[in-house]
Structure formats: structure tokens, C-alpha cells
Amino acid sequence: MAKALVLIEHKDSKAKKASLEVVHALHSQGVEVEAIVFGATLDKDTLATDCGAQGAKKLHVVSDASLGFYQAENYSATVENTFKAGSFGILAAAATALGKDLLPSLSVKLEGGLGVDCTGLTINGDKVSAKRPMLAGKYFATVNFKSGPAVISFRPNVMGLGDGSAGKAEIANVAMTPGAGKAKTTGIEGGAQGNSRPDLAEAERIVSGGRSLKSAENFKILEELADTLGAAVGASRAAVDAGYAPHSMQVGQTGKTVNPILYVACGISGAIQHMAGMKTSKFIVAINTDEEAPIFQKADYGAIGDLFEVVPALNKEIKALLE
Ligand SMILES: Cc1cc2nc3c(=O)[nH]c(=O)nc-3n(C[C@H](O)[C@H](O)[C@H](O)COP(=O)(O)OP(=O)(O)OC[C@H]3O[C@@H](n4cnc5c(N)ncnc54)[C@H](O)[C@@H]3O)c2cc1C
């Protein structure tokens, strides 16, 4: 049976759900899972509890003053060494910006195969295969790993979490292996969601706006609803192309793939390229003046009306309910 090493991302020592889903996806298939986490100052117990609850037996903790930010070279060298020392067969991470940055080069260093942004996993003895959506989710490829380790990133919000009763991970302190030192991250600026809103790719609730918002300033009404709901704010490509929102907020085929519990599409027509990025949302709410808009074919709930009236009214009602 394969043994897996999972890269854990965290915020202030709280493991990200997307990483824990990867632990659970492997553990639930009977794989022996160990995890690795990086940071300058880490609450090891909290991380070990989070990872253990989803099935990790051991947590490799790499704590170093230089790791206050993601340092690609140091992460890569340390993961490579830990992986090689532990006779692992699978290296996995969430298909976040960090996972997508780190895993391709590691698959080369480890002489393994690479499956990116996968949404399914099958383990049969030593045989590993992963399901990967292609062409905006119209087709699925089955990636069979034939030789060398399987290096896999999993799409956030797809694999789910276990009931949290798997146990607690043993902590193993690991010294950081310094990389070549050619590049160093010295700071990270707040992104489009500011510091308080959840990351778009991981958010459980998203309020998204389209061309019909007409200006960047008008996105404020979506931000207000998002803040009431604890949601991230997204945008269609038409809104991004018009300069109303940055590309980091774009949802769709050429933007981010999201999979929230709630997706509120405000003045978005529902073009196939937009749907490719959000159609797996659990509940879709559409607000649109055109009752024929394609988004209503996928929506669970719809309001036919002007978003400039409906969104503030919705925000007011939800706020009153939450008080
Ligand atoms: C190769 C390729 C890749 C693409 N990738 C993406 C992608 O990643 N993401 C993406 O989103 N698109 C993508 N697109 C573009 C996509 O085809 C659509 O053009 C785009 O999604 C339309 O954005 P929209 O819904 O905001 O605008 P529109 O299609 O113009 O729709 C605006 C909607 O707002 C409604 N409306 C107008 N006023 C109001 C109001 N006051 N209140 C409520 N509703 C109102 C209208 O009825 C209409 O339905 C891609 C296209 C191509 C060719």
C-alpha cells in the first residue's frame, strides 16, 4: 500500500481546509498519510490535531525564521529530502497557488508523474490513478501513474473532509534544507479580498458580479453583501476585462475554479466559460433582469430584478436575520 506525504498550508497555525481534504482523500483510501508543514512560528499541537483528525499519522514540522512567507526554494528542497527519506509513493497538496507552484518542479526532481487539479482518486494496491477535469469540465481524464512517485494536486472544496475522528498526528521536527538561495519572498501584499475576506478559491460563500455592475465602485454593494455573509467576492471575465475587478477575482475557464456552498451570481449571464468555474457550487443564486439568462438554468434560487435594488435589499434582510 502506498504511503503519502501531504503538504499542509495554514494560516496562523490553522490548517487550511483544502490541505486537510487532501489528507482525508488519501486516508479514506487506506493510504498511510504523513504531512509536512512550514512556518516561522508554529503551534505544532494545533496543526497535529487538525491533520491527525483527518488521518495523518505523523506531522513533519519545519520551523525556521526564514519561513514567515512561502519560500519556494526552501520548501522544495525540504519536501524533496523528507520525501526521499521516508519511502513515500505519493506526494500531494491542494491545487492552490502554492500547490501549483511547488508540485510540478518536485515531480521532476522526484522523477514522478504529475496530476494537476484532480477531483478524484483511486488506489488499488500500489496502483494510483486520479481523475482530472479537462476542457472546462466537459471531459475527465484518468491519470494513471505508471512509474516513479505519483505527484498530485487536488482541487479545493471537492474531496471533502472526514468526521474528524481519525486521531492525532505524532510530531516530528525536521530541519529546513536551504534552497539555492536565488530567490527570496520578502513580503506579501493583501490581495483583492483584502485581509478579512476568505480566499476566493477556498471560500464557502461567494458573491460574484458581472458586466452589469458598470464600474469598480459599484462592486462595493457586492462587498457589503459578502461581508455580511462572510463571503469572498468574485467577478465574470466581462467585469474583469472592463477593469471593474482584478483578474485574481475572475471565476471561470480562464480564471479560478471555485466550489463554494453558496454562489450568488449578480448580473452574470451564465456563459459556458463562466459556468466552467462555478457550476459545481452546491447552491447557486442568480440575480438578473433577464428571465431568459442561461444562469437561471443552473440556479437553485433566482431573483428576476435589478441587482442594484435586489442586492442591498437582500443584504438588509440577511443582516436583520443575523442580529
Ligand atoms: C476562451 C474564453 C475564455 C473565457 N473565460 C471566461 C472566464 O474565465 N470567466 C468568465 O466569466 N467569462 C469568460 N469568458 C467570457 C464569457 O464568454 C462571457 O463573455 C462572460 O462570462 C460574460 O460576462 P457577464 O455575464 O458579466 O456579461 P454579459 O454576458 O454581458 O451578461 C450581463 C448580464 O447582466 C444582466 N443585467 C444587466 N443589467 C442588470 C442589472 N441591473 N441587474 C441584474 N442583471 C443585470 C443581463 O441580463 C445579462 O444577463 C471567456 C470567453 C472565451 C471566448
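Predicted, not measured: the structure shown is a model, and the values here were computed from it.

Enquirer: Could you give an account of the sheet that holds strand β7 (residues 113-118), with specific residues and numbers?
Expert: Reading across from one edge, β7-β11-β6-β1-β4-β5-β12 is the order of the seven strands in this open sheet, with parallel pairing throughout. Each edge of the sheet is formed by a strand with only one pairing partner; in this case those strands are β7 and β12 (170-173). Adjacent strand axes in the sheet meet at a mean angle of 20°, parallel and antiparallel pairs treated alike. In terms of strand pairing, strand β5 (residues 56-63) meets β12 through four bridges, oriented parallel. By the bridge assignment, V61 is partnered in β12 with N173. Contacting β1 (3-8), β4 (32-39), β5 and β12, helix α2 (residues 44-53) runs over the sheet at an angle of about 145° to β5.

Enquirer: Please give an account of the packing of helix α3 (residues 72-85) against helix α4 (residues 97-109) that cites residues and values.
Expert: Between α3 and α4, the shortest axis-to-axis distance is 10 Å and the interhelical angle comes to 45°. Between α3 and α4, the angle falls in the class oblique. Remark: the crossing between α3 and α4 carries right-handed chirality. For the pair formed by α3 and α4, the contact residues are A72, Y75, S76, V79 and E80 on the first element and D101, L102, S105, L106 and K109 on the second. Partitioning the contact of α3 with α4 into residue classes produces five nonpolar, two polar and three charged.

Enquirer: Report on the packing of helix α5 (residues 219-229) against helix α9 (residues 307-322), specifying residues and quantitative values.
Expert: One can describe the packing of α5 onto α9 by two numbers: an axis separation of 9 Å at closest approach and a directional angle of 25°. Considering their axes alone, α5 and α9 lie roughly parallel with respect to each other. For the pair α5 and α9, the crossing hand works out as left-handed. Between α5 and α9, the contacting residues are I221, L222, E224, L225, T228 and L229 on the first element and F308, V311, P312, L314, N315, I318 and K319 on the second.

Rules used in this analysis
- Residues numbered from 1 in each chain as written.
- Predicted model: local features only at pLDDT ≥ 70, side-chain atom pairs only at ≥ 80, totals over all residues.
- Pairing = 2+ DSSP bridges.
- Helix = DSSP H or I, 4+ residues; strand = E, 2+ residues; numbered from the N terminus.
- Axes fitted to C-alpha atoms, helices over the stretch in contact; angles between N-to-C directions.
- Contact = placed C-beta atoms within 7 Å.
- Parallel < 35°, antiparallel > 145°, perpendicular 65-115°, else oblique.
- Left-handed = near helix turned anticlockwise from the far one by under 90°.
- Nonpolar A, V, L, I, M, F, W, Y, C, P; charged D, E, K, R; others polar.

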